[in-house]
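# Fold and geometry: a report
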Amino acid sequence: MLYNIEEKDLFESPEDLLKMYEDDCMGKKARKKPGFTTFSVLRGFFLLIIFLVVGVAAFASVLGVILLQDITQDLPPVETMRTPSLTSVVYDRHDNVIARLFEENRTWTPIALISPWALKAVLAAEDSEFYEHQGIRLKAIARAAINDIMKRSSAQGGSTITQQVARMMYLNSERTFKRKASEAILAIKMEKIYTKDQILELYMNMAYFGQGAYGITAASQNYFGKNATNLTLSEASMLAGLLPAPNAYTPIRHPEKGKTRQNYVLGRMVDTGIITPQEKSQALAANLTYIRSADTKVQFVMEDAPHFVSHVLFKELLPKYGRDRIYRGGLTVRTTIDLELQKHAESVVSKMKFEGALACLDPNTGEILALVGGRNFDDSKFNRATQAYRQPGSAFKPIVYAAAIENGFRPVDRILDAPLKFPNGWSPKNSDGKNRGEVTLIDALAQSINTSAVRLAQVTGVEVIRNQARRMGITTPYLPQDLSVALGSSSLTPLEMAAAFSVFANNGHRIEPYGVREIIDSNGDSVEQNGPVITDALSPETAVTVRSMLMQAVSWGTGTRANLAKEGYETFGKTGTTNDWTDVWFVGGTPNLVTVVYVGNDNHKTLGRAFGGTVAAPVWKEFMEGAVKLMDTPKKFQIPSGVGVQSITVCRATGYLANKACPSKANILIAVGQAPETHCPWHGGDAFEAQNDPNAPQLLLTPEDENIRDNWDMDRPWDDIPIEPFEPTGAPDPAPLPEPDILPYQLDPAPAEEIERRYQDLLKQYNIQ
């Protein structure tokens, strides 16, 4: 029997359908128990399908509600999105970038400052309906779902820009149904809170473009060396093409794939009416130049001023602000360094035969202008400018002479250069092995006479010298408390020496070296400002006097190879050489600049008859010849009004005012009222007048000198009248003596291997790769 079920009957209830079947088969008079017929099977199957569909729908609805509640409960509030990781940028004094510190290399850029081509290219490639949808595109989601099922994978995207931002700011990148659902829910919520431009700005700054570049600004800088504002259509389309898989499509490693993606983006821009086919052809044909090489790796690398940046980073920034704020906080760090001067310094140091360091300061402020801690940062992270505690040798003597003059002695006074041997066996000698008898303090300093420096320390007092060193900026814990301090047996850093010599350059003020001028947070607020910290260290008269003595040291003493007189610059400075030629120095300055050059092996092996005047001074001069031009410094030192000094020319041998017949002369500045009033009686002056001169140079004698003075006294024009030694007021107690057999670096306070190990430990401590 055929059953004609009309189309309208398909919409009847199951009960009506059953009743129709009974009426047709049995009639209305009698009922017959149904058997298993074709129709009964169809009816049962049909009922089962309906039941299953209804059941599954009900179950799915309940499950969907449960899952939605579960997902919603786990979602973060849309208002509290993840703080983006921003790049902190370190600038030099002229706002040149010297380092970028980042976990993700990202510089936040407002949408108004992003090239319109970049915005249009990204929208065409990633979400051409961005300004129309409400956060999700159902068609795209369905297409992606079907594709995922067909390919049995979750590779198909389908996410809008809003969904991608939701993933970046709130979620992770795992490919699960829950994450996809969370992404969609968050996208819908975001569209209700944020404007389209705000969401697009988030995307342009958060997206990863490869080569370590997060955000459009970092990408434009890494790939094209320009700001995101200035991207062309060709450049923008190339960058937009990277977004789905930056490492796979990078034109630097895979130029053909990169070009294919660029062509796709430009094609989408044509399809959406943004550009014409002709503009596409022109953009595609443009020759793009990339600034990153194919083997560039994103790692902890500082190409510019690495020793300076590492010093500031580990000494100041990380201890004060912590890793997260430095590497994720988007700080602007403005420093004191001059990048051009720094590069000049690095070039000079890199040519040195031995290891060493250079530090250059503005003596008026303490600003670090250049800092080089070694010949090659990649080979050694040991910063010898700030971490190498080394003996300065004779470079320390100006501090001894400053203490003596501050306490009443004069540069025209004389002292013995004669053999020394102390009861404990210590017997300091001059580097040339000679002794000259009586010498003026001018000559003793300029010629770097050791025996005279030790005698001067005896009559001045070791503690007086130590205190003077501290006032001038010597902070080392390794400052000896015995007479060896006069010969530079302390262990200190080049930066300390630069600070101490700045006192001579700035007329008596102690300055604190500093490298960071200001730190600005990502909101533009200043969180730290630094400036000069200045205190009195010497009377201006003493500072100017010692500086004039050190100008003689450069003019005719041990530092002649550093003299910039031919270039027209007044120059002062002092050489330093330690025992066995282990360390050599030159420390000095010109107006507005003080520089120290240190040369020495990390293992303290001898440099081989190398002296500060022959090895360090030429390096110093090469740097300073360029520095005075780069910094455009004045040529003459300015003496402030009110500083009571006068200029005199004296006989170097006797200290009296010079006659024409004096064989050697020195022009110095001396405090008013301290200069001799008569001319040198040894070379034509009147002996009687010299004898009665109230400011006649004095002979400074230690108690031990009384026994040997007759052998070393100068032959005087008045031999029949004995000369009385000058007895300083409040003469110090006998000074402690150093142990004669202790080697200079028997206990090295800063071994290079230990410093390298500490550096690696710091990298691990702050989780820096």
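Thresholds applied
- Each chain carries its own residue numbering, running from 1 in the direction its sequence is written.
- Thresholds applied to this predicted model are a pLDDT of at least 70 for local features of residues and 80 or more for the giving and counting of side-chain atom pairs; totals over whole chains, interfaces and linings are not thresholded and use all residues.
- Heavy atoms from the whole structure form the basis of all side-chain values; hydrogens and water molecules are not counted.
- Strands are runs of DSSP state E lasting at least two residues, helices are runs of H or I lasting at least four, and both sets are numbered from the N terminus onward.
- Here's how the labels work: a residue is buried when its accessible area is under 20% of the maximum for its type, exposed when over 50%, partly exposed in between, all with a 1.4 Å probe on protein chains only.
- Should any heavy atoms of two residues lie within 4.5 Å, those residues are counted as being in contact.
- Accessible surface area values rest on a Shrake-Rupley calculation with a 1.4 Å probe, where residue burial reflects the displayed protein chains alone.
- Expected span of a helix: the number of residues minus one, times 1.5 Å.
- Every residue gets a pLDDT, meaning the predictor's confidence in that residue, from 0 to 100.
- Only residues above 30% relative accessible area that lack a salt bridge enter a patch, with like-charged residues linked at up to 9 Å and the nonpolar side chains Val, Leu, Ile, Met, Phe, Trp and Tyr linked at up to 5 Å.
- Whenever Lys or Arg places a side-chain nitrogen within 4 Å of a carboxyl oxygen from Asp or Glu, that contact is recorded as a salt bridge.
- The rule for pairing is simple: two strands pair if DSSP sees at least two bridges between them.
- Orientation is described by lines fitted to C-alpha atoms, with helices fitted over the stretch in contact, and by angles between N-to-C directions that extend from 0 to 180 degrees.
- Among buried residues, the Ala, Val, Leu, Ile, Met, Phe, Trp, Tyr and Cys ones that are joined through side-chain atoms within 4.5 Å form a nonpolar core.
- None of His or the chain ends enter the tally, which takes Lys and Arg as positive and Asp and Glu as negative.

### A few points about the overall build of the chain
Looking only at helices and strands, the chain features 24 helices and 17 strands. Out of the 769 residues in the chain, the part that is buried amounts to 51%. Relative to all contacts within the chain whose residues are 6 or more apart in sequence, the contacts with residues 24 or more apart total 70%. Surface exposure of the chain reaches about 36,200 Å², of which carbon and sulfur atoms provide 52%.

### Observations regarding helix α20 (residues 540-555)
Its 16 residues give α20 an end-to-end C-alpha distance of 22 Å, which sits within 8% of 22 Å, the value for a rise of 1.5 Å per residue. Counted residue by residue, α20 has 12 buried out of 16 residues, so it is predominantly covered. Among the residues making up α20, those that are buried are Thr-542, Ala-543, Val-544, Thr-545, Val-546, Arg-547, Ser-548, Met-549, Leu-550, Gln-552, Ala-553 and Val-554.

### Quick look at the confidence of the model for the chain
Any region with low pLDDT has predicted coordinates that should not be read closely. The pLDDT averaged across the chain works out to 85; a share of 81% of its residues lies at or above 70. Note on residues 62-68: pLDDT under 50 across the span, and 1 contact to partners over four residues away in sequence or across chains. Confidence over residues 152-156 falls short of pLDDT 50; this stretch has 9 contacts with residues more than four positions distant or in other chains.

### Side note on the environment of Val-596
In this structure, Val-596 sits in strand β14 (residues 593-600). A sequence separation of 95 residues divides Val-596 from Phe-501, and the C-alpha atoms of the two residues are 9.0 Å apart.

### Things to note about a nonpolar patch on the surface
On the surface, a cluster of nonpolar side chains totalling about 250 Å² of accessible area is made up of Phe-46, Leu-47 and Ile-50. Take Ile-50: it is sitting in helix α2 (residues 38-74). On the basis of relative accessible area, Ile-50 is assigned to the partly exposed category, the value being 35%.

### Section: the sheet that holds strand β4 (residues 356-361)
Strands sit in the order β5-β4-β14-β13-β12 across an open sheet of 5 strands; the sheet is antiparallel. The outermost strands of the open sheet, each flanked by one partner alone, are β5 (368-372) and β12 (572-577). For this sheet, the mean inter-axis angle between neighbouring strands, taken without regard to orientation, is 5 degrees. When β4 meets β14, the two strands line up antiparallel, connected through 6 bridges.

### Looking at the nonpolar core
One finds Phe-308, Ile-326, Phe-396, Leu-456, Met-497 and Phe-504 to be the most contacted residues of the largest nonpolar core, which totals 89 residues. Not counting residues within four places of it along the chain, the set of residues in contact with Ile-326 comprises Ser-88, Leu-101, Leu-313, Leu-317, Leu-318, Tyr-321 and Leu-331. By size, the runner-up hydrophobic cluster in this structure holds 48 residues, among which are Ala-124, Ile-216, Val-265 and Ile-275.

### Observations concerning the side chain of Glu-126
Its location among the elements puts Glu-126 in helix α3 (residues 116-126). Here Glu-126 sits buried without a salt bridge, and the closest side chain of opposite charge, Arg-261, lies 4.6 Å off (N-O distance). Beyond its immediate stretch of four places on either side in the chain, Glu-126 contacts Arg-137, Ser-159, Ile-161, Gln-164, Tyr-203, Leu-243 and Pro-244.

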